[in-house]
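# Per-entry structural report
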Amino acid sequence: MQVTTKAIVLSSLKYGDTSLIVKAFTASDGLKSYLLKGVLASKKGKLKTAYFQPLMQLEIVANHKNKGTLENIREAKVYYHYQTLHSQIAKNAMTLFLAEMLSNSIHEEECNEELYSYIEAMLQWLDNNNEIANFHLYFLIQLTRYLGIYPDTTNNNALYFDLLEAEFISTPSLNPMLQNKNLINFKTLLGIKFDVIHTIKMHKKSRQELLKSLVLYYELHLQGFRKPKSLAILNEVFS
């Protein structure tokens, strides 16, 4: 079946000498993997290697057989042209990290318009704004809404947050927990609109601690989730 759809690139892996395997989150069919034969060798084809950088927003014409095998992209064009996402060092590090987080978190091969719209809008915001130090934290917390693992906030005046049970608790448990400054920062990000995230003052060590806890939260709640390799690079850039 031929489909024309928007797609956000999550990863691309070299296959052989001239081909790429591209994983993308599509607006029409959720997660899809494509084999782009000869794309690295072709100078005049309709598919350009530069289109398949992490988190590129494309419009593609693809053949979807929906049999769990690698699909085929016939045409691709850039749907939204980034100005800064791949050229600024800090944003590029964040882009690589978020692409890996999304790649490890999204597994459904079905349409999810709300999730697609959220990712699309947030990436465009990131591209257009420069005060981004807290962006990835907010992005990951809000992403849990669309993944079905959003924290239970009913008892949010409690002194601890149980990462395994995904709820606020009054007395410590044996599970991994957020507490003290880590908890305060978490609660602040839970209850804020993203256009004012730059107003949250957070020390780089506090930011790294909360990010580590959020990655653990994903590990605890998403089956098969792997800790992203780009986490170390992100921490290096933001230190």
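Residues numbered from 1 in each chain as written. Predicted model: local features only at pLDDT ≥ 70, side-chain atom pairs only at ≥ 80, totals over all residues. Heavy atoms only, no water.

This next bit is on the packing of helix α3 (residues 135–147) against helix α4 (residues 180–190). Where α3 contacts α4, the two axes come as close as 10 Å, and the packing angle between them is 70°. What the angle tells us is that α3 and α4 run roughly perpendicular. At the point where α3 passes α4, the crossing takes the right-handed sense. On α4, the residues touching Leu137, Tyr138, Ile141 and Gln142 of α3 are Phe186, Leu189 and Leu190. The residue inventory of the contact of α3 with α4, partitioned by class, reads 6 nonpolar, 1 polar and no charged. (Axes fitted to C-alpha atoms, helices over the stretch in contact; angles between N-to-C directions. Helix = DSSP H or I, 4+ residues; strand = E, 2+ residues; numbered from the N terminus. Parallel < 35°, antiparallel > 145°, perpendicular 65-115°, else oblique. Left-handed = near helix turned anticlockwise from the far one by under 90°. Contact = heavy atoms within 4.5 Å. Nonpolar A, V, L, I, M, F, W, Y, C, P; charged D, E, K, R; others polar.)

Moving on, we get to the nonpolar core. Counting residues in each nonpolar core, the largest one holds 76 residues, and the members touching the most others are Phe52, Ile119, Phe135 and Phe139. With residues up to four places along the chain from it excluded, the contact list for Ile119 reads Ile8, Phe25, Leu102, Ile106 and Phe139. (Core = buried A, V, L, I, M, F, W, Y, C linked by side-chain atoms within 4.5 Å. Buried < 20%, exposed > 50% of the residue type's maximum accessible area, 1.4 Å probe, protein only.)

Looking at the secondary structure, you find Ala7 in strand β1 (residues 2–15). Given a relative accessible area of 1%, Ala7 falls into the buried group. Placed 20 residues apart in sequence, Ala7 and Ala27 show a C-alpha to C-alpha distance of 6.0 Å. Contacts of Ala7, omitting those with residues within four sequence positions, involve Ala24, Phe25, Thr26, Met56, Gln57, Leu58, Ile60 and Tyr116.

With that out of the way, let us pick up the layout of surface pockets. Size it by volume and the largest pocket reaches roughly 370 Å³. Forming the walls of the largest pocket are 18 residues, and the residues nearest its centre are Leu10, Ser11, Glu100, Ser103 and Arg226. With 5 residues, the single largest contributor to the lining of the largest pocket is helix α1 (residues 89–105). Considering only residue class, the lining of the largest pocket consists of 8 nonpolar, 5 polar and 5 charged. (1 Å grid on protein atoms, 1.4 Å probe; cavity = no way out; pocket = protein on both sides within 12 Å on 5 of 7 lines; lining within 4 Å. Points joined across faces, edges and corners; volume = space filled by probe spheres on them.)

It is worth spelling out the sheet that holds strand β5 (residues 72–80) at this point. Strands in a sheet are paired, the pairing made by backbone hydrogen bonds, and the direction either parallel or antiparallel. Here 5 strands make up an open sheet; going across it, the order is β3-β2-β1-β4-β5 and the pairing antiparallel. A single partner strand is all that each edge strand has here, and the edge strands are β3 (30–36) and β5. Across this sheet, the average inter-strand angle for adjacent strands is 40°, counted without regard to direction. In the sheet, β1 pairs with strand β4 (residues 57–63) via 7 bridges, with the strands oriented antiparallel. Among the inter-strand pairings, Thr4 is bridged to a residue of β4, identified as Val61. Across the sheet, helix α2 (residues 113–128) touches β1, β2 (19–26), β4 and β5, and the angle it forms with β1 is around 65°. (Pairing = 2+ DSSP bridges.)

Next up on the list: empty space enclosed by the protein. What the rule picks out here adds up to 4 cavities of 30 Å³ or more. Within this model, the largest cavity holds a volume of roughly 60 Å³. Around the largest cavity sit His136, Lys204, Arg207, Gln208, Leu211, Leu234, Asn235 and Phe238, which together line it. Those elements that provide at least two residues to the lining of the largest cavity are α5 (204–221) and α6 (231–237). When residues of the lining of the largest cavity are assigned to their parent elements, the largest contribution, 4 residues, is made by α5. Class assignment of the residues belonging to the lining of the largest cavity gives a composition of 3 nonpolar, 3 polar and 2 charged.

Turning our eyes to something else, we now look at the environment of Gly38. For Gly38, the position within the fold is in the loop between β3 and β4. Spatially, the C-alpha atom of Gly38 lies 36 Å from that of Val215, the residues being 177 residues apart in sequence. In this view, Gly38 contacts Thr18 and Ser19; residues no more than four positions away in its chain are not counted.

We now examine the packing of aromatic side chains. This structure, assessed with the given rule, holds 12 aromatic pairs. Three or more aromatic residues link up through ring pairs in this structure, and these residues are Tyr118, Trp125, Phe135, Phe139 and Tyr146. Directly above the ring of Tyr150 sits Arg145, whose terminal nitrogen or CZ lies 4.1 Å from the centroid. (Phe/Tyr/Trp six-rings, centres within 6.5 Å; stacked < 30°, edge-to-face > 60°. Lys NZ or Arg CZ within 6 Å of the ring centre and 35° of its normal.)

The subject of this paragraph is a nonpolar patch on the surface. Taken together, the side chains of Ile89, Ile233 and Val237 make up a nonpolar region of the molecular surface, amounting to roughly 290 Å² of accessible area. Structurally, Ile233 can be placed in helix α6. Taking relative accessible area as the criterion, Ile233 reaches 49% and is therefore assigned partly exposed. (Patch = residues over 30% accessible without salt bridge, like charges linked within 9 Å, V, L, I, M, F, W, Y side chains within 5 Å. Areas by Shrake-Rupley, 256 points an atom, 1.4 Å probe, with all protein chains shown as cover. Salt bridge = Lys/Arg side-chain N within 4 Å of Asp/Glu carboxyl O.)

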